[in-house]
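Summary of the model geometry
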Amino acid sequence: MGMGGAPLLPPTSANCNPPEGPEGSVVLTEITSDLGYPMMLTYAYGDDERLYLPQRDGTVKLVKASTGETSVFLDISHLVLGTGGERGLYGMAMHPDYVENGRFWLHFASPGGTDHFGVIQEFRRDPNNPDLADPEPVHPPTLRVDHFASNHNGGSIEFSPIDRMLYVGMGDGGGGYDPWNNGTNRGTLLGALLRIDVSPTDGSYISPAHNAPNGAPEVFDWGLRNPFRWSFDICTGARYIGDVGQVNWEEIDVAPASQGATNWGWDCREGAHPLEPFGVAGPAPGCPFGDEVDPVWDYPHTDQLPWAVMGGYVYRGDKLPWLRGAYLFADFQQGPIWRTWWRGSTLTASDIEEIANLGVGITGFGQDNRGEVYVVWGGGTLYRLDPG
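All residue numbers refer to position in the chain's written sequence, counted from 1. With pLDDT at 70 or above as the cut-off, local features in this predicted model cover only qualifying residues; side-chain atom pairs require 80 or more to be listed or tallied, and sums for whole chains, interfaces and linings still use all residues. The basis for every side-chain value is the complete set of heavy atoms in the structure, and neither hydrogens nor water enter the calculation.

**Re the overall build of the protein chain**
In this text, helices come from DSSP runs of H or I with a minimum length of four residues, and strands from runs of E with a minimum of two, each type numbered from the N-terminal end. When helices and strands are counted, the protein chain shows 1 helix and 26 strands. What you see for the protein chain is a C-alpha radius of gyration of 19 Å, in line with the 21 Å of a compact globule of 388 residues. Structurally, the protein chain occupies a C-alpha span of about 55 × 50 × 40 Å along its principal axes. For each residue, the accessible area found with a 1.4 Å probe, counting protein chains only, is set against the maximum for its type, and the residue is called buried under 20%, exposed over 50%, and partly exposed in between. In the protein chain, which comprises 388 residues, the share counted as buried stands at 60%. Taking the contacts inside the protein chain whose residues are at least 6 apart along the sequence as the reference set, 59% of them involve residues at least 24 apart. Here the Shrake-Rupley method, with its probe set to 1.4 Å, supplies the accessible areas, and only the displayed protein chains count as covering residues. Carbon and sulfur atoms make up 52% of the accessible area of the protein chain, which amounts to about 13900 Å² in all. All tallies of charge rest on Lys and Arg as positive and Asp and Glu as negative; His and the ends of each chain are not included. Charged side chains are reduced to one point each, which is NZ for Lys, CZ for Arg, CG for Asp and CD for Glu. Side-chain charges in the protein chain split into 23 positive and 49 negative, and the spacing between the mean points of these groups amounts to 5 Å. As a reference, a globule follows 2.2 Å times the number of residues to the power 0.38, and the radius of gyration itself is taken over C-alpha atoms. Residue contacts are defined here by distance: any two heavy atoms, one from each residue, within 4.5 Å place the two residues in contact.

**Describing the sheet that holds strand 25 (residues 373-377)**
An order of 1-26-25-24 is seen for the 4 strands of this open sheet, with the pairing classed as antiparallel. Two strands in the sheet have a free side with no partner beyond their single neighbour: strand 1 (26-32) and strand 24 (362-367). Strand-to-strand, the axes of this sheet are offset by a mean angle of 30°, without reference to chain direction. Only when DSSP finds a minimum of two bridges between them are two strands counted as paired. Axis lines are fitted to C-alpha atoms, over the contacting stretch for helices. Their N-to-C directions set the angle, which ranges from 0 to 180 degrees.

**A short note on the nonpolar core**
As a rule of thumb, nonpolar side chains are buried together in soluble globular proteins. Residues belong to a common nonpolar core when they are buried Ala, Val, Leu, Ile, Met, Phe, Trp, Tyr or Cys residues joined through side-chain atoms within 4.5 Å. Ranked by size, the top nonpolar core spans 60 residues in total, and within it Phe73, Leu74, Met92, Phe104, Leu106, Leu323 and Phe365 carry the most contacts. Ile120, Ile157, Leu166 and Val168 belong to the second largest nonpolar core, which has 20 residues in total.

**Remarks on the environment of Glu372**
Turning to its location among the elements, Glu372 is positioned in the loop between strand 24 and strand 25. In this structure, the C-alpha to C-alpha distance between Glu372 and Glu122, residues 250 residues apart in sequence, is 26 Å. Each residue touching Glu372, except ones within four places of it in the same chain, is listed here: Tyr315, Gly317, Asp318, Lys319, Gly366, Gln367, Arg384 and Leu385. Each polar contact in these results corresponds to two N or O atoms within 3.5 Å; when the atoms are within protein, one needs to be able to donate a hydrogen and the other to accept it, and residues that are neighboring in sequence are counted only if both atoms are side-chain atoms. A distance of 2.6 Å separates a polar atom in the side chain of Glu372 from a polar atom in the side chain of Tyr315. At 3.1 Å, the side chain of Glu372 and the backbone nitrogen of Lys319 are in polar contact.

**What about the sheet that holds strand 4 (residues 59-64)?**
Two modes of strand pairing occur in sheets, parallel and antiparallel, and in both the strands are linked by backbone hydrogen bonds. Read from one edge of the open sheet, 4 strands run 2-3-4-5, paired in antiparallel fashion. Whereas interior strands pair on both sides, the edge strands pair on one side only; in this sheet they are strand 2 (42-43) and strand 5 (70-75). Across 2 bridges, the pairing between strand 2 and strand 3 (residues 50-54) is antiparallel. Following the sheet pairing, Thr42 is matched in strand 3 by Tyr52.

**Here we look at the state of the cysteines**
Two cysteine sulfurs form a disulfide in these notes if their separation is within 2.5 Å. Tallying each qualifying case throughout the model produces 2 disulfides. One disulfide in the model links Cys268 with Cys287; its S-S distance is 2.1 Å. Here the S-S torsion is close to -85°, and the disulfide linking Cys268 with Cys287 is therefore left-handed. Residue Cys268 is located in the loop between strand 16 (249-255) and strand 17 (269-270), and its partner Cys287 is located in the loop between strand 18 (273-274) and strand 19 (297-300); the two are separated by 19 residues in the primary sequence. Of the residues examined, Cys287 reaches a relative accessible area of 27% and is grouped as partly exposed. When the cysteines of the protein chain that form disulfides are numbered from the N-terminus onward, they connect as 1-2, 3-4.

**So, the pattern of salt bridges**
Close approach of charged atoms allows side chains of opposite charge to pair. For salt bridges, the criterion is a side-chain nitrogen of Lys or Arg within 4 Å of an Asp or Glu carboxyl oxygen. Within this structure, the stated rule accounts for 18 salt bridges. Here Arg164 ties to Asp97 by a salt bridge, and the two come within 2.4 Å at their closest N and O atoms. Residue Arg164 is found in the loop between strand 10 (157-159) and strand 11 (166-170), and its partner Asp97 is found in the loop between strand 6 (89-94) and helix 1 (98-101); the two are separated by 67 residues along the sequence. Relative accessible area serves as the criterion here: at 26%, Asp97 is assigned to the partly exposed category. In this structure, a network of salt bridges that share partners links the residues Asp47, Arg50, Lys64 and Asp131.

**As for the environment of Pro140**
With respect to the element layout, Pro140 can be found in the loop between strand 8 (116-124) and strand 9 (143-147). Between the C-alpha atom of Pro140 and that of Arg225, which follows or precedes it by 85 residues, the distance is 27 Å.

**Some points on unusual backbone geometry**
In this model, Trp266 is joined to Asp267 through a cis peptide bond whose omega is 5°. Examined against the element boundaries, Asp267 turns out to sit in the loop between strand 16 and strand 17. The residue after Cys287, namely Pro288, is reached through a cis peptide bond having omega -10°. Relative to the helices and strands, Pro288 is located in the loop between strand 18 and strand 19. In this model, His152 sits at a positive phi of 55°, which is unusual for a non-glycine residue. Of the residues examined, His152 reaches a relative accessible area of 4% and is grouped as buried. Located in the positive-phi region is Asn181, a residue other than glycine, with phi close to 55°. The residue Asn181 is located in the loop between strand 11 and strand 12 (192-196) in this model. In this structure Asn181 comes out as partly exposed when scored by relative accessible area, which is 22%.

Below is the structure:
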């Protein structure tokens, strides 16, 4: 149960109380550098000790939180198309009851399709060793989505703490300026946040009610370009989406748990701005549709750098009590780690503050069962945010 908040469906030691105490400084504590090209970090509800680090090549490292000791939890490199473009192993989500049932899912690029397939695949923990997983998939892929190019594949997958559904971030299929207009097409699984019920244990899934109207049954949010890193607030269920921009704007989208299926605007818009038709394709026919929802914050590119927002997590730990409830995020091409508080309205530059600086190459964030936040650096190192 989140302390001071509403009961959560999964057990967690996260702290849902408001921020408290004087603001202090933040340092990056190295947990381990025994990594290849790590992509993100996740954990299992109810387990304070084990952290899981998917790597681009298809291996998953297990890290003991108390010691930093690492081992190989899973190796599916034989299934993963891990080189070229933005392919590889993107995301991992543990079932809310993982400690009891050992079920988890991976999101990765697989050979085949027009360029490749984006695969959501279920695996299981080794029944005789909690530090190992069975490398053989339990069933055929839960989802297998055809991608037209090597980029814009989405990445993060997470279970909602509110409805226990599995949510999947899918990019728009690749290329520049969404040449297939997938972002505006809720009938495709591309350019969307998918929502499925994976409670069946036979490899099937259920498309729940109240997904996007008049769309593919699995689609929840649409109008996304490349939701590579997004997350839920473990205490409120609000979804925070870092959607990577095209050429001018990066954006952060936020929706409370009560906000249903949403059109985030791509490719009618980039951020909160009409898409400037400088690429191979301009805005989709029919833009604007009138139901597009603005991001809570967008920031411009400068010096033509290929920037890429890296969505993070809402801090819900105890080490940094003054940051509790703050959303932490970064950009792959920049150094700062930023924090902001979202209070139900749009943000301005004055609402965004740098709290640490790691340099370029942040590939993702992570959170543990206690609500502490970690930073994943693609150069091979995992850091935790600690008080200075």
